[in-house]
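Architecture at a glance
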Amino acid sequence: MIPVYSVAQVRAVEAQEISKRGSESLMRAAASELAAAAEAMLAQTASPTDALIIGLIGPGNNGGDGLYALTELAQRGYQTLALQCTETGHPEALKAYASVAGTVKSLSEGEEALSSASLVIDAIYGIGYRTGAQLPKLPAGTRVLACDVPSGLNCETGSADDDVLLAERTVTFGAMKTGLISQDAPLVTGEIQVATLDFDFSSITPETHLVDENSAQELLNVHRSWRDAGRHKYERGVLGLIAGSALYPGAAQLTARAAVACGVGLLRTHVPEEVQSLLSLAAPETVPLDDEQITEALSLARRHLHGRGAKISAWAIGPGIDSRTPPTGVIANVFDSRQPAVIDASGLEVVPTGPSEQPRVLTPHAKELRMLLRRAGVSVTTEEVRQDPIRWTRWVALAYNAVVLLKGPTSYVVAPNGANLVVCHAAAQLATAGSGDILTGILGYMLSDSSLTGIYGLETVSNSRLMELTACAAVIHGQLGRVTAQQGTVSASRLIDQLPAVMKDFGF
Ligand SMILES: NC(=O)C1=CN([C@@H]2O[C@H](COP(=O)(O)OP(=O)(O)OC[C@H]3O[C@@H](n4cnc5c(N)ncnc54)[C@H](OP(=O)(O)O)[C@@H]3O)[C@@H](O)[C@H]2O)[C@@H](O)CC1
Ligand SMILES: Nc1ncnc2c1ncn2[C@@H]1O[C@H](COP(=O)(O)OP(=O)(O)O)[C@@H](O)[C@H]1O
């Protein structure tokens, strides 16, 4: 997992590093990383002598990094041009660049060259940016490498100005910063590369941790063993799905098909009669589950939570339920059990507040989070949630004693004790009807599989493991969005078609 720090924390460590290593040497180290990233971006498209790299240079250290990077690139044979966007610049870096590559032009003098740039290095503003500067408009299609932070992005809050410089890649120094993963940031940073510059953060507690594909892979492997291959379907895990209504007949199908595509041991479905026939056609692998069988499964669960003897090992509750007529009795019985459950959509409207023995994950989007807060007696605006998502998600986690996944372009996973993880997949194509139902299917499957939860016998899964698995499900979901988008337009059904291949990439 990638630790994420606030700007103030990064500034504090930076000050220590400067006192140890000197500011010039730090800036040169940052510049080398930036130059290497520029070379990597151009490796496929142009040889050094053909490529023109333009640096947009600002007044402070960010501009200094850009100038030293351009100096290195000029020394390696690239054509470079430094365009100063503000009246002042970093004096030593300006001198270093001029001695190798010639004079620096002002933006107005050299602006025309932007249309022939192979790459633009955005080194106007970094973490020192305050909203409101006039930023240059780049020709459409310009490839941009951002130095530390895209100019126009507030690295504290993640809020971007309208004229922010959109980056294809951002090389950020020291550590990942909160403002690079919040609010607008995933839409403007492009791929983020952290150049740690060997900063020492050992005495500082990060604000949160980012879970990316590599860390998800590690988290998924924690409990896997060679013995997994010997399990029968009940030992692999049985998911009970309580979902669907005549009003939304498709949602239960999507969740069911997603769980089946993940390779669930067995899926048992409790859906209204009129939905069951459709569901049996859409997912013939599923087996219906009536009220009596649920009672029996829950009663057995008191003695056998998992593995041999357990009829159901985890639950997914909510997709497509008509909130006017939810099967409250059945759902309340499941809520009283100690079996893990993921609760989504209309299920969120009936989940109780207060203490609970059940390991639960709630998966609201922002509007549903506000509804959960309102039910817990807290009234907030969408803007307040947007500005401090972890704070408000933590409120819900505490009030409902559940792990909470706040879904959106950046997803936040928070446990009742306040611990939290962030998933930032920037797969905008996921914003399509039914994609949340698929996430519920993926997570439901994961909660049912003891090789992932690591629980056997009568133990229950801890909130910290629940939080990790929830983040992994969100990472897989994001990857699913990206992979599906590479093949064409994205719909929920097409996401499910790609799910087996994506699961395979994560070791399933
Ligand atoms: N952290 C690290 O570990 C390392 C950091 N390094 C680098 O240092 C960078 C931070 O440098 P920095 O402090 O000089 O700030 P930077 O972003 O260049 O801004 C310059 C000045 O612009 C101004 N300004 C801001 N907004 C404005 C506005 N709207 N309109 C007009 N003016 C505005 C403001 O000046 P002010 O007006 O406040 O006097 C601000 O001070 C960092 O991003 C990274 O690239 C690496 O070298 C080494 C490792
Ligand atoms: N702009 C976006 N970029 C990336 N992911 C998004 C974006 N908007 C939504 N998502 C993701 O898409 C999913 C939508 O879920 P949800 O709102 O429950 O949709 P539905 O109810 O239609 O299934 C969530 O996983 C969310 O994280």
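Calculation criteria
- Residues numbered from 1 in each chain as written.
- Chains lettered and ligands numbered in written order.
- Predicted model: local features only at pLDDT ≥ 70, side-chain atom pairs only at ≥ 80, totals over all residues.
- UniProt positions renumbered as here; feature names shortened; annotations may be inferred.
- Pairing = 2+ DSSP bridges.
- Helix = DSSP H or I, 4+ residues; strand = E, 2+ residues; numbered from the N terminus.
- Contact = placed C-beta atoms within 7 Å.
- Axes fitted to C-alpha atoms, helices over the stretch in contact; angles between N-to-C directions.
- Buried ≥ 20, exposed ≤ 12 C-beta atoms within 10 Å, placed from the backbone.
- Core = buried A, V, L, I, M, F, W, Y, C linked by C-beta atoms within 7 Å.
- Domains from an automatic or database assignment.
- Near = placed C-beta within 6 Å.
- Nonpolar A, V, L, I, M, F, W, Y, C, P; charged D, E, K, R; others polar.
- pLDDT = per-residue confidence, 0-100.
- Parallel < 35°, antiparallel > 145°, perpendicular 65-115°, else oblique.
- Left-handed = near helix turned anticlockwise from the far one by under 90°.

The protein is annotated in an unreviewed UniProt entry as ADP-dependent (S)-NAD(P)H-hydrate dehydratase of Glutamicibacter ardleyensis. According to its UniProt record, the protein has this under Subunit (unreviewed entry): "Homotetramer."

Let's shift gears to the sheet that holds strand 1 (residues 2–5). One open sheet holds the 12 strands; their spatial order is 8-1-10-19-18-17-16-15-14-11-12-13, and the pairing between them is mixed. Here the strands that pair on one side only, and so sit at the sheet edges, are strand 8 (176–177) and strand 13 (287–288). Of the pairings in the sheet, the one linking strand 11 (residues 238–242) to strand 14 (residues 314–317) comprises four bridges and is parallel in character. Bridging across to strand 14, Gly 240 finds its partner in Trp 315. Sitting on the sheet, helix 9 (residues 249–262) touches strand 11, strand 12 (266–270) and strand 14, and the angle it makes with strand 12 is about 165 degrees.

So, about the UniProt feature "binding site: (6S)-NADPHX" (unreviewed entry) in the protein. The feature "binding site: (6S)-NADPHX" (unreviewed entry), as annotated in UniProt, sits at Ala 251, Gly 320, His 365 and Asp 437 in this numbering. Inspection of the secondary structure assignment puts Gly 320 in the loop between strand 14 and helix 12 (328–335). Those residues in contact with Gly 320 that sit more than four places away from it in its chain are Ala 243, Gly 244, Ser 245, Tyr 248, Pro 249, Gly 250, Ala 251, Ala 252 and Ala 345. Mapped onto the secondary structure, Asp 437 falls in helix 16 (residues 435–448). Assessed through the 28 C-beta atoms surrounding it within 10 Å, Asp 437 is described here as buried. If near-sequence neighbours (up to four positions away) are discounted, Asp 437 is found in contact with Ala 251, Leu 254, Thr 255, Pro 319 and Ala 492.

With that settled, consider the sheet that holds strand 5 (residues 119–123). To summarise the sheet geometry, strands pair through backbone hydrogen bonds and adopt either a parallel or an antiparallel arrangement. Taken in spatial order, the seven strands of this open sheet run 4-3-2-5-6-7-9, and their pairing is parallel. Every other strand in the sheet has two partners, leaving strand 4 (105–106) and strand 9 (191–195) as the edge strands with one partner each. With three bridges joining them, strand 5 and strand 6 (residues 144–147) adopt parallel strand pairing. Directly across from Val 120, in strand 6, lies its bridge partner Val 144.

Below, the discussion takes up the nonpolar core. Ranked by size, the top nonpolar core spans 162 residues in total, and within it Ala 38 and Ile 121 carry the most contacts. Split by domain, this core shows at least three residues from each of two domains, domain 1 (2–208) and domain 2 (214–505). In this structure, Ala 38 is in contact with Ile 53, Ala 69, Leu 73, Leu 119, Ile 121 and Leu 145, ignoring residues within four places of it in sequence.

Moving on to the site of ligand 2. In the region of ligand 2, 16 residues are neighbours, and Lys 407, Pro 409, Leu 430, Ala 431 and Gly 436 sit closest. Broken down by element, the residue count for the shell around ligand 2 peaks at four residues, all from helix 16. Its residues placed into classes, the shell around ligand 2 shows seven nonpolar, seven polar and two charged.

This next bit is on the confidence of the model for the protein. Here the protein shows a mean pLDDT of 93. Residues at 70 or above account for 98%. Taken together, the chains of this predicted complex give a pTM of 0.89 and an interface ipTM of 0.87.

To continue, consider the domain arrangement of the protein. Domain annotation for the protein reports domain 1 (2–208) and domain 2 (214–505). At the junction of the two partners, domain 1 supplies eight residues and domain 2 supplies 10 residues. Contributions of two or more residues to the side of domain 1 that touches domain 2 are made by strand 1 and helix 6 (185–188).

Moving on to the packing of helix 13 (residues 366–375) against helix 15 (residues 389–400). Look at helix 13 against helix 15: their axes get within 10 Å of each other, and the N-to-C directions meet at 50 degrees. In terms of orientation, helix 13 and helix 15 fall into the oblique class. In this structure, helix 13 crosses over helix 15, and the sense of that crossing is left-handed. Contacts between helix 13 and helix 15 involve Leu 369, Leu 372 and Leu 373 on the former and, on the latter, Trp 392, Thr 393, Trp 395, Val 396 and Tyr 400. Looking at the contact of helix 13 with helix 15 residue by residue, the class counts come to seven nonpolar, one polar and no charged.

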